[in-house]
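# Examining the three-dimensional arrangement
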Amino acid sequence: MSGRTPSLTPPDDAARPVRHPEAPAPGELLGAHYEHCFGCGHGQPHGLHLEARAGDDPDAVAITAEFTVKPEHQGAPGLAHGGVLATALDETLGSLNWLLRVIAVTGRLETDFVRPVPVGTVLHLDAEVTAVAGRKIYSTATGRIGGPDGPVAVRADALFIEVKVDHFIENGRPEEIKAAMDDPDQVRRARAFEVNP
Ligand SMILES: CCCCCCCC/C=C\CCCCCCCC(=O)SCCNC(=O)CCNC(=O)[C@H](O)C(C)(C)COP(=O)(O)OP(=O)(O)OC[C@H]1O[C@@H](n2cnc3c(N)ncnc32)[C@H](O)[C@@H]1OP(=O)(O)O
């Protein structure tokens, strides 16, 4: 049994989400948005190394992703830490913004932990944007174990808020911001998203 907070319910005048014309094609692997991201970065030895793909339905703003629980991700002996599972949900939900081609950060993340998730398990994640209202992006995700159609182990509803690149420049630690700004690929990616019409 779970109740949702009102702030996760889209307003009546919210719009249906629209996949951006230049969004990755259905089935395409998205790749990491930042090398040192704990969720998806390849430069994080103990990170989740979550791999997300654009969903198959071209009319939906949807993503699938996989994350394998490693011994480094334990909370209780042999079981994934709940915060790590929430991170996997957060990262998957955040990847949805690639399909909208906007930069957004998590404002609210409400998580249900339904089944324990043992080390070694592949968590199969599905996420979808359900509505957009101005800068507010409403989305939902599930994580299943034992296969893509297995039982639900975790689920979440989220509200992401669209931000400009300045959000990171103004708030991030200067060392990492400077390194990111010195990386032409990172800057081009970030700015391209920012001019989304
Ligand atoms: C060239 C340099 C390189 C840089 C390139 C970088 C590219 C990176 C690409 C992609 C990065 C994505 C990273 C993905 C990682 C996974 C996702 C995460 O974990 S993100 C981290 C965790 N989240 C935060 O750290 C947010 C911290 N919070 C904030 O910064 C602010 O609170 C923020 C931006 C969320 C909102 O602040 P406001 O001042 O802009 O806007 P206000 O007016 O407060 O809110 C706007 C609307 O949203 C609602 N709202 C905001 N927060 C809410 C909440 N918690 N619950 C319910 N409603 C909320 C408000 O009620 C308002 O609604 P009404 O327009 O009045 O209807």
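For the protein, the name recorded in an unreviewed UniProt entry is Acyl-coenzyme A thioesterase THEM4, with Streptomyces cavernicola as its organism. Quoted verbatim from the Sequence similarities (unreviewed entry) field of UniProt, the annotation for the protein is "Belongs to the THEM4/THEM5 thioesterase family."

One open sheet holds the six strands; their spatial order is β1-β2-β4-β5-β6-β3, and the pairing between them is antiparallel. A strand with exactly one partner marks an edge of an open sheet, and here the two such strands are β1 (51-54) and β3 (104-113). Adjacent strand axes in the sheet meet at a mean angle of 20 degrees when their direction is disregarded. Relative to strand β5 (residues 136-144), strand β4 (residues 122-133) is paired through nine bridges, and the arrangement is antiparallel. Note on β5: the bridge partner recorded for E128 is T140. Where helix α1 (residues 82-100) meets the sheet, it contacts β1, β2 (62-68), β3, β4, β5 and β6 (152-162), and its direction lies at approximately 50 degrees from that of β4.

So, about the side chain of T92. Turning to its location among the elements, T92 is positioned in helix α1. At 2.7 Å, the side chain of T92 and the backbone oxygen of A88 are in polar contact.

To continue, consider the site of the ligand. Taken together, 21 residues surround the ligand, and among them D90, T106, G107, R135 and K136 come closest. Considered on its own, the ligand offers 1400 Å² of accessible surface; in the complex 57% of this is hidden by protein. Those elements giving two or more residues to the shell around the ligand turn out to be β3, β6, α2 (166-171), α3 (174-181) and α4 (184-194). With five residues, the top contributor of residues to the shell around the ligand is β3. In terms of residue class, the shell around the ligand is built from eleven nonpolar, six polar and four charged.

Basis of the calculations
- Residues numbered from 1 in each chain as written.
- Predicted model: local features only at pLDDT ≥ 70, side-chain atom pairs only at ≥ 80, totals over all residues.
- Heavy atoms only, no water.
- UniProt positions renumbered as here; feature names shortened; annotations may be inferred.
- Pairing = 2+ DSSP bridges.
- Helix = DSSP H or I, 4+ residues; strand = E, 2+ residues; numbered from the N terminus.
- Axes fitted to C-alpha atoms, helices over the stretch in contact; angles between N-to-C directions.
- Contact = heavy atoms within 4.5 Å.
- Polar contact = N/O pair within 3.5 Å; in protein donor to acceptor, adjacent residues only side chain to side chain.
- Near = heavy atom within 4 Å.
- Areas by Shrake-Rupley, 256 points an atom, 1.4 Å probe, with all protein chains shown as cover.
- Nonpolar A, V, L, I, M, F, W, Y, C, P; charged D, E, K, R; others polar.

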